[in-house]
Amino acid sequence: MTATTRITTPFTAESTAAEVVAGVDLTGRRAIVTGAASGIGIETARTLAGAGADVTLAVRDLAAGERTVGDIVATTGNKQIRVARLDLADRASVAEFTAAWDGPLHILVNNAGIMASPEMRTPEGWEMQFATNHLGHFALTTGLHRALAAAGGARVVAVSSSAHLRSPVVFEDIHFREREYEPWSAYGQSKTANVLMAVEATRLWADDGITANALMPGGIRTNLQRYVTAEDLERLRAQSGAAGVSWKTPEQGAATSVLLAASPLLEGVGGRYFEDCNEAEPNQPGTRRGVAPWALDPEAATLLWQVSTEALAS
Ligand SMILES: NC(=O)c1ccc[n+]([C@@H]2O[C@H](COP(=O)([O-])OP(=O)(O)OC[C@H]3O[C@@H](n4cnc5c(N)ncnc54)[C@H](OP(=O)(O)O)[C@@H]3O)[C@@H](O)[C@H]2O)c1
């Protein structure tokens, strides 16, 4: 397969997570899903559990996490499901999580996120969407590098969004210190960062057998839209693809994540961006589909890795 061969699968926007891993046996594989007590994270975790994986739900709300464990055990019969506390906006919490992890990690689904929040900052002064969606997952993934390498063929899945089309990573002012804060630009920037991290992790960690890919899950009604008005939501849905495209169910929304996490069709594939269970085409300006050139730019990916490493070391 050459670098330019686009990866396609028999699956579509309508496929469910269960359909994309039908017949796949994940027994003996260990997986982490962040933000797994809400939205598409629940269905991602449920599907991996249903295929036999040992799944850790990494969540900031432990009570919600415990409820989700009960739900997943009841619906799949898999008892190897547990919850662990993880607040991606809190460096100490991420460090505690990674320090407590023991043994190999086969699948890491970086799913948690916030969208279009009002201006908020971490104690470090970092813009909250970048801190949560990117820096927290960067700290988590690099903190788990040894465990991923130990798995032999581990997969990292970055849940990005078509919103990455709204903004590259603006290295000159990532944290909106000079420019006026704009919630959607901040979200878009963080979602571009998710793709760039997959690109660089795949390059850096090739010798460890680790691959990382990014995806747009589709439009799914979840708690993610908590900061968004109903009018904004309808406008976004209308922009999200071809005429007639409607909201996906959570089971459909989890399909591309699960495909990247567990399908044999993705064996050895890394550094790419998918939507509707297939690798995306380059974005055509004026449309809300496809992947932006800035999200797959290897130089930006290397720079982001450096900037993120420095931020976390400070
Ligand atoms: N839904 C869509 O239409 C859509 C479209 C494109 C991309 N996405 C992406 O899909 C992913 C999942 O979204 P969703 O729709 O399932 O949203 P959701 O229902 O709001 O789930 C997001 C999860 O992230 C968790 N989270 C937020 N901040 C966190 C933090 N600081 N530390 C740990 N966990 C944190 C939330 O925890 P709490 O429950 O405690 O808040 C929640 O469990 C996100 O990355 C999102 O950007 C979704």
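Residues numbered from 1 in each chain as written. Predicted model: local features only at pLDDT ≥ 70, side-chain atom pairs only at ≥ 80, totals over all residues. Heavy atoms only, no water.

Taking an unreviewed UniProt entry as the reference, the protein is identified by name as Probable oxidoreductase belonging to Planotetraspora kaengkrachanensis. Recorded under Sequence similarities (unreviewed entry), the UniProt text for the protein is reproduced unchanged: "Belongs to the short-chain dehydrogenases/reductases (SDR) family." (UniProt positions renumbered as here; feature names shortened; annotations may be inferred.)

**Q** I'd like a description of the overall build of the protein, backed by residues and values.
**A** Scanning the protein from terminus to terminus reveals 11 helices and eight strands. Relative to its length of 314 residues, the protein is compact, with a C-alpha radius of gyration of 18 Å against a globular reference of 20 Å. Once the C-alpha set of the protein is aligned to its principal axes, its extents read approximately 50 × 45 × 40 Å. The buried share of the protein, taken over its 314 residues, is 54%. Long-range pairs, those at least 24 residues apart, make up 78% of the contacts in the protein between residues at least 6 apart in sequence. When the accessible surface of the protein is summed, it comes to about 13,200 Å², and 53% of that surface belongs to carbon and sulfur atoms. Computed over 26 positive and 35 negative side-chain charges, the inter-centroid distance for the protein is 3 Å. (Helix = DSSP H or I, 4+ residues; strand = E, 2+ residues; numbered from the N terminus. Rg over C-alpha atoms; globule rule 2.2 N^0.38 Å. Buried < 20%, exposed > 50% of the residue type's maximum accessible area, 1.4 Å probe, protein only. Contact = heavy atoms within 4.5 Å. Areas by Shrake-Rupley, 256 points an atom, 1.4 Å probe, with all protein chains shown as cover. Lys, Arg positive; Asp, Glu negative; His and termini not counted. Charge placed at Lys NZ, Arg CZ, Asp CG, Glu CD.)

**Q** Hey, could you go over empty space enclosed by the protein for me, with residue numbers and the actual values?
**A** Applying the stated criterion to the full structure yields one cavity of 30 Å³ or more. A volume near 50 Å³ is recorded for the largest cavity. For the largest cavity, the full set of lining residues is L88, A89, D90, R91, V94, T122, W126, A131, L135, G136, A139 and L312. Those elements giving two or more residues to the lining of the largest cavity turn out to be α4 (91-100) and α5 (128-143). Counting residues per element, the lining of the largest cavity draws most heavily on α5, which supplies four residues. (1 Å grid on protein atoms, 1.4 Å probe; cavity = no way out; pocket = protein on both sides within 12 Å on 5 of 7 lines; lining within 4 Å. Points joined across faces, edges and corners; volume = space filled by probe spheres on them.)

**Q** Please set out the packing of aromatic side chains residue by residue, giving values where relevant.
**A** Tallying each qualifying case throughout the model produces five aromatic pairs. Judged by centre distance (6.5 Å) and plane angle (20°), the ring pair of F97 and W101 falls under stacked. With relative accessibility at 15%, the residue W101 sits in the buried group. With a centroid separation of 4.8 Å and 80° between ring planes, the pair formed by F138 and W305 is classed as edge-to-face. Highlighted residues: F138 in helix α5 and W305 in helix α11 (residues 298-313), separated in sequence by 167 residues. Clustering of aromatic rings is evident, with ring pairs tying together F138, W205 and W305. (Phe/Tyr/Trp six-rings, centres within 6.5 Å; stacked < 30°, edge-to-face > 60°.)

**Q** Break down the packing of helix α2 (residues 39-50) against helix α10 (residues 255-262) for me, citing the residues and quoting the values.
**A** Where α2 contacts α10, the axes come no closer than 9 Å and their chain directions differ by 40°. As far as their axial angle goes, α10 and α2 are oblique. Taken as a pair, α2 and α10 cross one another with a handedness that is right-handed. Contacts between α2 and α10 pair T44, T47 and L48 from the former with S257, V258, A261 and A262 from the latter. Residues that form the contact of α2 with α10 fall into these classes: four nonpolar, three polar and no charged. (Axes fitted to C-alpha atoms, helices over the stretch in contact; angles between N-to-C directions. Parallel < 35°, antiparallel > 145°, perpendicular 65-115°, else oblique. Left-handed = near helix turned anticlockwise from the far one by under 90°. Nonpolar A, V, L, I, M, F, W, Y, C, P; charged D, E, K, R; others polar.)

**Q** Go over the site of the ligand with me, naming the residues and quoting the values.
**A** Neighbouring residues of the ligand: 29 residues in total, closest S38, N111, Y187, I220 and T222. The contact in question runs from an oxygen atom of the ligand to an N or O atom on the side chain of S38, over 2.6 Å. Backbone polar atom of G113 to an oxygen atom of the ligand: 3.1 Å apart, as the coordinates give it. Here the residues of the shell around the ligand sort into 12 nonpolar, 13 polar and four charged. (Near = heavy atom within 4 Å. Polar contact = N/O pair within 3.5 Å; in protein donor to acceptor, adjacent residues only side chain to side chain.)

**Q** Outline unusual backbone geometry, listing residues and values.
**A** Residues other than glycine seldom take positive phi values, yet D276 does so here, at roughly 50°. Overall, the relative accessible area of 16% leaves D276 in the buried class. In this structure, C277 is a non-glycine residue whose phi angle is positive, near 70°. Relative to the helices and strands, C277 resides in the loop between β7 (273-275) and β8 (278-279). With a relative accessible area of 1%, C277 lands in the buried category.

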